[in-house]
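Observations on the model geometry
Chain residues, written in single-letter form:
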Amino acid sequence: MSAELQGVLMSSSVTTRLLCVVAWLSVAVGGTCAAGEVPSFRHEVMPVLSRAGCSLGTCHGNQNGKGGLRLSLRGQDPEADYTTLTRSLGARRVSVQQPEDSLLLRKPLMQVPHEGGRRFVVDSFEYRVLRDWIAAGMPRDGGVSGSGLVQLKGLQVEPELVTLSGDQRTRQLTATAEFSDGTRREVNDLAVFESSHPGVSVSASGLVDFGEVSSVRQTTVTVRYLNQQQVSRVEYLRGVSDFR
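Quick summary incoming for the structure in this document. (Residues numbered from 1 in each chain as written. Predicted model: local features only at pLDDT ≥ 70, side-chain atom pairs only at ≥ 80, totals over all residues. Heavy atoms only, no water.)

Taken together, the four strands give an open sheet; going across it, the order is β2-β10-β9-β6, and neighbouring strands pair in mixed fashion. Pairing within the sheet leaves two strands with one partner each, and these edge strands are β2 (161-165) and β6 (192-195). Here the strands of the sheet are splayed against their neighbours by 25 degrees on average, with no regard to which way each runs. Bridging between β6 and strand β9 (residues 218-225) involves four bridges; their strand directions are antiparallel. Following the sheet pairing, S195 is matched in β9 by V221. (Pairing = 2+ DSSP bridges. Helix = DSSP H or I, 4+ residues; strand = E, 2+ residues; numbered from the N terminus. Axes fitted to C-alpha atoms, helices over the stretch in contact; angles between N-to-C directions.)

Moving on, we get to the pairing of β9. Pairing of β9 with strand β10 (residues 228-237) involves eight bridges; the strand directions are antiparallel. Directly across from T222, in β10, lies its bridge partner V231. Here β9 folds back onto β10 in antiparallel fashion, the turn holding two residues, of which L226 has a positive phi close to 55 degrees.

In this section: the sheet that holds strand β8 (residues 207-209). Within the open sheet, the three strands sit side by side as β3-β8-β7. Their pairing is antiparallel. Two strands bound the open sheet, and with one partner strand each, they are β3 (170-172) and β7 (201-202). In terms of strand pairing, β7 meets β8 through two bridges, oriented antiparallel. Looking at the pairing, S201 lines up with D209 of β8.

Before going further, it helps to examine the environment of G142. Among the structural elements, G142 can be located in the loop between α5 (125-135) and β1 (152-158). The spatial distance from the C-alpha of G142 to the C-alpha of S40 is 9.5 Å, given a sequence separation of 102 residues.

All right, on to helix α3 (residues 78-86) then. Buried within α3 we find P78, D81, Y82, T84, L85 and T86. Looking at the buried side of α3, the elements it contacts are α2 (41-51), α4 (103-106) and α5. (Buried < 20%, exposed > 50% of the residue type's maximum accessible area, 1.4 Å probe, protein only. Contact = heavy atoms within 4.5 Å.)

Within α2, 10 of the 11 residues are buried, which leaves it mostly tucked inside the rest of the structure. Within α2 the residues assigned to the buried category are F41, R42, H43, E44, V45, M46, P47, V48, L49 and S50. Between the side-chain oxygen of the N-cap and the backbone nitrogen of R42 there are 3.5 Å, and the N-cap of α2 in question is S40. (Polar contact = N/O pair within 3.5 Å; in protein donor to acceptor, adjacent residues only side chain to side chain.)

A full pass over the atoms with the stated rule returns four aromatic pairs. For the pair Y82 and W133, a centre-to-centre distance of 6.3 Å together with 70 degrees between the ring planes defines the contact as edge-to-face. Remark: W133 occurs in helix α5 and Y82 occurs in helix α3; sequence separation between them is 51 residues. Residue class for W133 comes out buried when judged on its relative accessible area of 0%. Members of the aromatic cluster, connected to one another through ring pairs, are F41, Y82 and W133. (Phe/Tyr/Trp six-rings, centres within 6.5 Å; stacked < 30°, edge-to-face > 60°.)

Structure representation (structure tokens):
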């Protein structure tokens, strides 16, 4: 191989590495990430922990924490939680070199004893978000200075009010987050959906189901994403098939 060709290949390799570094840095200082990018700590990692129940008052969100880990209630203090997860206990909870060995993943998978039980599985969206964030070096949103931080400004849930009837017993809700940079994003995979009536179920992705034989008239579904919360009221009229 000629010296000239070797020089070209070496230059190409260096350029490729530099482009990778630049791409990683641009993701690390950004706001909410799209598919395939490094997850945002505030807008994806924190909601995943909340959705899995880790930051609830009955778990690590308790004022005394649990199992040596204390998180802010429902992720209300992301800065404190970031420090807890990445710095406390010598950062034993996360391993950038071997992300799959991180206690932050192994405990919710019940690969090691966990008082809270299994919270998700390996092929789940929750696992993928946490693993990808750890593997990327656990970047802080907005960079070290926080100057590029994108804030959550609002949450919209549709429909706000809907009436079902006859054979129509299910309805999909859609949660959309609004951010300070003007962007909007559907967050059904990150939000928490809760039905006020035990006889009406709502799935993790927001599908309301009155069941096959339902005597329930209505329910209020509370939708929570980070510090934003909205409700949707869903009612069912039994035996009315032509309701408009």
